[in-house]
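# Structure assessment
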Amino acid sequence: MDNLELTKFANIHAAIDDPDTAHLVIGLNKIVSSRTVDGLEVDAQETPDGVKLKIIVAEGTVIAKPVHMCFGLLQEAGIQEIEMDMVIRAGAKINVIAHCVFPNAVDVRHVMDAKISVGPHANYTYLERHIHSDEGGITVVPKARIELAEGARFKTDFELLQGRVGVIDIDYETTCGPDSVMEMTSKIRGRGDDLIKIRETGHLIGERSRGVLTSRVAVKDNARAEVYNKLTATAAYARGHVDCKEIIQGNASANAVPIVEVSHPKAHITHEAALGSVDTKQLETLMSRGLNEDEASDLIVSGLLS
Amino acid sequence: MSMLEIKNLILSANGKRILDGLSLDLHEGYVHAIVGPNGAGKSTLASAVMGLSGYRDITGEMIFEGQNLHDLSVDERARKGITLAWQEPARFEGLTVRKFIRAAAGDMTDQAVADVLEKVGLSPLMHMPRAVDKTLSGGERKKIELASILAMKPRLVMLDEPDSGIDIESLRRIKQAITVLKADGSTVLLITHSLEVLGWAEHAFLMCCGRILDKGDPENISRYFKDRCIPCDHKNLPQMNGDMGNG
């Protein structure tokens with residue numbers, strides 16, 4: 001199969017064909033297709049098991065259309081390692097949608113190691129969308145270290161659109177300068193013997209920095225979820241919130257370890273965590289409209305993860 | 001014709017009888033109301049008819065259109081045409097109003113969803129894509145719940161305190177929606193301690209201490225409730241044995 005097939009699974013033909021939309025398609029360790037736009041510099045080098053990327057968004061550049069990155073492989077087995085160094089200079093703005101496509105995975109390992117620097121008053125949005133096989137034969141290890149300068153904004157979302165998780169081990173850590181804003185969200189549904197590990201950390205070190213860590217996980221069958229959210233605040237008027245909800249069905253299990261640390265008297269962090277079965281009142285409301293218990297549970301979970 | 005027949009219903013919780021041999025009949029096509037003070041057991045009765053968890057350990061009979069409801073689950077009762085609007089509707093993170101309303105009626109076009117939202121006075125454009133979550137006011141959630149019930153076209157709908165936590169305009173819309181439900185052939189049971197809501201009914205029951213004390217014309221029930229029940233310091237004590245105190 002042609003590696004451009006990846007883009008069909010990701011359903012991004014329109015973006016690939018649009019001359020005003022930047023994209024980068026990487027199949028295993030091959031650069032299959034790429035396009036840049038003004039102010040966006042991409043240097044991609046193939047490595048034995050993946051690619052090494054250096055991405056720079058020039059100062060003051062506002063990239064109007066989302067940049068599509070498509071990583072993945074169509075083979076049943078393989079390793080893909082992406083090393084990314086991303087710099088978004090002062091006042092720049094970029095919205096990246098990363099499509100991670102492994103539709104036939106039986107024994108696949110996908111590793112992302114990213115270092116991201118978001119300059120003063122720059123804005124970076126990163127949406128990661130995964131498509132996996134129904135076998136769950138994949139291990140996904142995304143790791144990112146993000147530095148936000150004064151007034152920078154960073155928002156990330158993780159979604160699994162199709163297939164089974166397999167094993168996922170997310171490790172994101174963001175350090176927030178003065179007046180910066182960080183939102184990190186993960187929404188994942190596990191089944192079978194999936195294993196979901198989410199480790200999200202935020203350090204609010206700048207005055208008036210703000211951060212929210214949100215996790216929404218639903219597990220059933222024998223799936224397991226482990227969520228470690230840590231938010232620290234060491235500066236005046238730093239504000240943060242950690243919010244974790246996990247729904248457990250069948251023999252699945254989940255834990256949540258929210259850690260909040262505040263070492264400045266004018267900082268404030270809150271956290272909430274809810275783990276357990278589907279809420280009875282929600283369930284019975286939908287059942288009182290005629291849905292059976294499974295239908296009602298599915299609707300509640302799909303809403304939570306939407 | 002009697003649609004729902006309840007005979008000698010008893011439900012206890014923590015050693016206290018919440019429903020104490022309650023009996024009533026609901027007639028098809030009518031707007032009924034049950035009025036009574038806080039703690040009388042009104043919401044418990046609605047929960048027991050719906051078969052909610054925590055309200056299933058009952059004795060007595062609930063016969064709906066000739067069938068005993070006792071062994072039916074909540075969704076089985078709903079598929080028979082029974083539904084309930086909660087006093088405080090549930091919130092659903094991420095679940096859109098569109099999907100919530102569609103859930104009540106199976107396949108439903110956007111236009112049909114819009115129609116029921118308009119009937120309760122909500123803008124389809126604004127509300128259909130929103131989530132049924134904490135960003136909505138209590139009044140909006142009540143109206144959305146009522147819209148989902150309009151979509152369902154139930155045989156019997158129980159509305160628990162339809163006036164609680166909402167403004168005058170919303171109350172007017174809810175009253176209109178009840179008129180629509182009746183016109184569509186639904187039988188309505190209003191659970192209330194509001195004399196205004198009681199005034200919407202065609203037939204009323206007065207409830208205290210888990211029993212029906214009186215029934216009949218809503219005006220008479222309203223007068224009795226206003227003159228005798230509201231000033232009464234009667235408590236819903238267990239095992240009252242027919243002693244209704246000052247009330």
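### Some points on the overall build of chain B
If you tally the helices and strands in chain B, you get 9 helices and 10 strands. What you see for chain B is a C-alpha radius of gyration of 18 Å, in line with the 18 Å of a compact globule of 247 residues. Projecting the C-alpha coordinates of chain B onto the three principal axes gives extents of approximately 55 × 40 × 35 Å. The proportion of buried residues among the 247 residues of chain B is 53%. In chain B, 67% of the contacts between residues at least 6 apart in sequence involve partners at least 24 apart.

### Some words on the overall build of chain A
Across its full length, chain A holds 4 helices and 19 strands. At 20 Å, chain A has a C-alpha radius of gyration in line with the 19 Å of a compact globule built from 306 residues. On the principal axes, the C-alpha backbone points of chain A span a range of 55 × 55 × 35 Å. For chain A, the residues scored as buried account for 54% of the 306 residues in total. Taking as baseline every contact in chain A between residues at least 6 positions apart, the subset at least 24 positions apart corresponds to 77%. Accessible surface for chain A amounts to roughly 12,500 Å². Of this, 46% is attributable to carbon and sulfur atoms.

### So, a negative patch on the surface
Among the surface-exposed residues, Asp-49, Glu-81, Glu-83 and Asp-113 of chain A lie close enough to one another that they form a single negatively charged patch. Assessed through its relative accessible area of 45%, Glu-83 of chain A is described here as partly exposed.

### Considering the nonpolar core
Counting residues in hydrophobic clusters, the biggest one holds 95 residues, and the most contacted among them are Leu-286 of chain A together with Ile-6, Leu-45, Val-49, Ile-101, Leu-117 and Leu-190 of chain B. At 7 residues, helix H6 (residues 138–152) of chain B tops the list of elements feeding residues into this core. Apart from the residues within four sequence positions on either side, Leu-190 of chain B is in contact with Val-31, His-32, Ala-33, Ile-34, Leu-159, Pro-162, Ile-178, Val-197 and Trp-200 of chain B. Counting residues in hydrophobic clusters, the runner-up holds 67 residues, among them Phe-71, Tyr-124, Leu-231 and Val-242 of chain A.

### Topic: the side chain of Lys-187 of chain A
All names here are of chain A. Topologically, Lys-187 is positioned in strand E13 (residues 181–190). Among buried charged residues, Lys-187 stands out as having no salt bridge; its nearest opposite-charge side chain is Asp-157, 5.5 Å away. Within polar-contact distance, the side chain of Lys-187 engages the backbone oxygen of Ser-306 at 2.5 Å.

### Some thoughts on the sheet that holds strand E5 (residues 67–68) of chain B
All names here are of chain B. Strand order in the open sheet formed by 4 strands is E2-E1-E4-E5, with antiparallel pairing between adjacent strands. The two strands at the open ends of the sheet, each matched to only one other strand, are strand E2 (16–27) and E5. Note: strand E1 (residues 2–13) against strand E4 (residues 58–64), 6 bridges, orientation antiparallel. Along E4, the bridge assignment pairs Ile-6 with Met-62.

### Section: the interface of chain B and chain A
Across the contact, 27 residues belong to chain B and 19 residues belong to chain A. Each partner contributes to the roughly 1,900 Å² buried at the junction of chain B and chain A, and carbon and sulfur atoms together form 56% of this total. Among the residues chain B hides against chain A, the three largest losses belong to Trp-86, Phe-92 and Glu-93 of chain B. Together they make up 29% of the total. Where Lys-245 of chain A meets Glu-93 of chain B, a salt bridge forms, and the shortest distance between an N and an O atom there is 2.7 Å. The set of elements that each furnish at least two residues to the side of chain B that touches chain A consists of helix H2 (74–79), strand E6 (82–85), helix H3 (97–103) and H6 of chain B. Considered class by class, the residues forming the side of chain B that touches chain A number 16 nonpolar, 4 polar and 7 charged.

### Overview of the pairing of strand E8 (residues 107–118) of chain A
Residues and elements named next belong to chain A. Two strands pair when backbone bridges link them, and strand E6 (residues 77–88) and E8 are joined in this way by 12 bridges, in the parallel orientation. By the bridge assignment for E8, Met-86 is matched with Ile-116. In terms of strand pairing, E8 meets strand E10 (residues 138–148) through 11 bridges, oriented parallel. The partner of Val-111 across the bridge, within E10, is Val-141.

### Brief notes about the pattern of salt bridges
Summed over the entire model, instances satisfying the criterion amount to 33 salt bridges over all chains. Measuring nitrogen to oxygen at the nearest pair gives 3.6 Å for the salt bridge that ties Lys-7 of chain B to Glu-5 of chain B. Shared partners join several salt bridges into a network, and the residues in it are Arg-216, Asp-243 and Lys-245 of chain A together with Glu-93 of chain B.

### Overview of the packing of H6 of chain B against helix H7 (residues 168–183) of chain B
Residues and elements named next belong to chain B. The contact between H6 and H7 brings their axes to 11 Å, and the two run at 10 degrees. Considering their axes alone, H6 and H7 lie roughly parallel with respect to each other. Between H6 and H7, the contacting residues are Lys-143, Leu-146, Ile-149 and Leu-150 on the first element and Ser-170, Arg-173, Ile-174, Ala-177, Val-180 and Leu-181 on the second. By residue class, the composition of the contact of H6 with H7 is 7 nonpolar, 1 polar and 2 charged.

### Looking at the sheet that holds strand E4 (residues 50–57) of chain A
All names here are of chain A. Spatial ordering of the open sheet is given by E3-E4-E6-E8-E10-E12-E14-E16-E18, a layout of 9 strands whose pairing is mixed. Each edge of the open sheet is held by one strand with a lone partner, namely strand E3 (40–47) and strand E18 (253–262). Strand-to-strand twist across the sheet, computed as the mean angle between neighbouring axes with direction ignored, equals 5 degrees.

### Remarks on helix H9 (residues 218–229) of chain B
Note: α-helices contain 3.6 residues per turn, so residues at a spacing of three or four share the same orientation. Residues and elements named next belong to chain B. By the burial criterion, the buried members of H9 are Pro-218, Ile-221, Ser-222, Phe-225 and Cys-229. Along the long axis of H9, the arc covered by the buried residues comes to 100 degrees, so they all point the same way. Of the surrounding secondary structure, the elements contacted by the buried residues of H9 are strand E3 (31–35), helix H8 (195–198), strand E9 (203–208) and strand E10 (211–216). Backbone nitrogen of Glu-219 and a side-chain oxygen of the N-cap are separated by 3.1 Å at the start of H9; the cap is Asp-217.

### Quick look at the state of the cysteines
Residue and element names in this part refer to chain A. All told, the structure shown has 0 disulfides over all chains when counted by the stated rule. In this structure Cys-100 is a free cysteine whose sulfur lies 7.9 Å from that of Cys-70, the closest cysteine sulfur available. Distance from the sulfur of Cys-244, which forms no disulfide, to the nearest cysteine sulfur (Cys-176) is 19 Å.

### Some details on the confidence of the model for chain B
Do not read the predicted coordinates in detail wherever pLDDT is low. All names here are of chain B. Residues at a pLDDT of 70 or more form 94% of chain B, whose mean pLDDT is 91. Taken element by element, chain B is modelled with least confidence in H9, mean pLDDT 89, and with most confidence in E6, mean pLDDT 98. Predicted confidence is poor over residues 237–247, with pLDDT under 50, and the contacts of this stretch with residues over four places away or in other chains come to 24 contacts. This complex was scored by the predictor with a pTM of 0.86 and an ipTM of 0.93.

### Digging into the packing of aromatic side chains
Residue and element names in this part refer to chain A. Applying the stated criterion across every chain, the model contains 3 aromatic pairs over all chains. On the numbers, 6.1 Å between centres and 45 degrees between planes, the contact of Tyr-124 with Tyr-126 is tilted. Taken as a pair, Tyr-124 and Tyr-126 share a single burial class, namely buried. Grouped by ring-pair contacts, the aromatic residues Tyr-124, Tyr-126 and Phe-154 constitute a single cluster.

### Re the environment of Glu-173 of chain A
The residue Glu-173 of chain A is located in strand E12 (residues 167–176) in this model. In the structure, Glu-173 of chain A is positioned 131 residues away from Val-42 of chain A in sequence and 24 Å away in space, judged by C-alpha atoms.

How each quantity is defined
- Residues numbered from 1 in each chain as written.
- Chains lettered and ligands numbered in written order.
- Predicted model: local features only at pLDDT ≥ 70, side-chain atom pairs only at ≥ 80, totals over all residues.
- Heavy atoms only, no water.
- Helix = DSSP H or I, 4+ residues; strand = E, 2+ residues; numbered from the N terminus.
- Rg over C-alpha atoms; globule rule 2.2 N^0.38 Å.
- Buried < 20%, exposed > 50% of the residue type's maximum accessible area, 1.4 Å probe, protein only.
- Contact = heavy atoms within 4.5 Å.
- Areas by Shrake-Rupley, 256 points an atom, 1.4 Å probe, with all protein chains shown as cover.
- Patch = residues over 30% accessible without salt bridge, like charges linked within 9 Å, V, L, I, M, F, W, Y side chains within 5 Å.
- Salt bridge = Lys/Arg side-chain N within 4 Å of Asp/Glu carboxyl O.
- Lys, Arg positive; Asp, Glu negative; His and termini not counted.
- Charge placed at Lys NZ, Arg CZ, Asp CG, Glu CD.
- Core = buried A, V, L, I, M, F, W, Y, C linked by side-chain atoms within 4.5 Å.
- Polar contact = N/O pair within 3.5 Å; in protein donor to acceptor, adjacent residues only side chain to side chain.
- Pairing = 2+ DSSP bridges.
- Buried area = accessible area lost by both parts, 1.4 Å probe.
- Nonpolar A, V, L, I, M, F, W, Y, C, P; charged D, E, K, R; others polar.
- Axes fitted to C-alpha atoms, helices over the stretch in contact; angles between N-to-C directions.
- Parallel < 35°, antiparallel > 145°, perpendicular 65-115°, else oblique.
- Arc of directions from axis to C-beta.
- Disulfide = S-S within 2.5 Å.
- pLDDT = per-residue confidence, 0-100.
- Phe/Tyr/Trp six-rings, centres within 6.5 Å; stacked < 30°, edge-to-face > 60°.

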